[in-house]
Amino acid sequence: MTVTPGGCRDLRPYMNDPKVMEAFGKLISGKSGYKPVIERRVEPVICPNCKLNLTGDEKFCPECGTKIEKKQEENPC
Ligand SMILES: [Zn+2]
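Residues numbered from 1 in each chain as written. Predicted model: local features only at pLDDT ≥ 70, side-chain atom pairs only at ≥ 80, totals over all residues.

### Overview of the overall build of the chain
Going by this rule: The secondary structure listing takes helices from DSSP runs of H or I that are at least 4 residues long and strands from runs of E that are at least 2 residues long, numbered from the N terminus. Contacts here follow a simple rule: the backbone-placed C-beta atoms of the two residues must lie within 7 Å.
Scanning the chain for helices and strands turns up one helix and two strands. Expressed as a percentage of contacts within the chain between residues at least 6 apart in sequence, the contacts between residues at least 24 apart total 10%.

Written out as structure tokens, the structure reads:
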């Protein structure tokens with residue numbers, strides 16, 4: 001695992017590994033057993049109008065045509 005200070009760290013590949021997450025929690029908190037909360041990039045997207053579950057790729061809801069605003073920020077790296 002390469003950690004570059006000030007750089008972008010893509011932790012997505014590690015997020016499903018409990019051991020890595022524990023180590024990461026220790027790293028950022030100085031405590032053992034700390035569970036870091038990392039914002040997941042892939043979050044459920046729901047139409048604000050009709051509550052239809054979307055994949056996140058839609059620009060408009062296929063059900064009601066509401067424009068889907070994406071909150072996700074693009075990775076600048
Ligand atoms: Zn909709």
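### Looking at the confidence of the model for the chain
In regions of low pLDDT, the predicted coordinates are not meant to be interpreted in detail. Cut-off, in case you're wondering: A residue's pLDDT is the confidence the predictor assigns to it, expressed on a 0 to 100 scale.
Averaged over every residue, the pLDDT of the chain is 78; residues scoring 70 or more account for 71%. Element-level pLDDT for the chain is lowest in helix H1 (residues 18–29), with a mean of 83, against a maximum mean of 92 in strand S2 (residues 53–54).

### Some words on H1
Where we set the bar: In this analysis, the expected span of each helix is defined as 1.5 Å times one less than the number of residues it contains.
An ideal rise of 1.5 Å per residue puts 16 Å on 12 residues; H1 measures up with 16 Å between its terminal C-alpha atoms. At the C-terminal side of H1, Gly30 shows a positive phi close to 75°.

### Considerations on the environment of Cys61
Just so we agree on the cut-off: Buried, partly exposed and exposed are defined by the number of other C-beta atoms within 10 Å of a residue's own C-beta, namely 20 or more, between the two limits, and 12 or fewer respectively, with C-beta atoms placed from the backbone.
Among the secondary structure elements, Cys61 is positioned in the segment after S2. By the C-beta count within 10 Å, which is 19 here, Cys61 ends up partly exposed. Considered as a pair, Cys61 and Asn49 are 12 residues apart in the sequence and their alpha carbons are 8.8 Å apart. Setting aside chain neighbours within four positions, we find Cys61 in contact with Cys47, Asn49, Cys50, Leu52, Leu54, Thr66 and Ile68.

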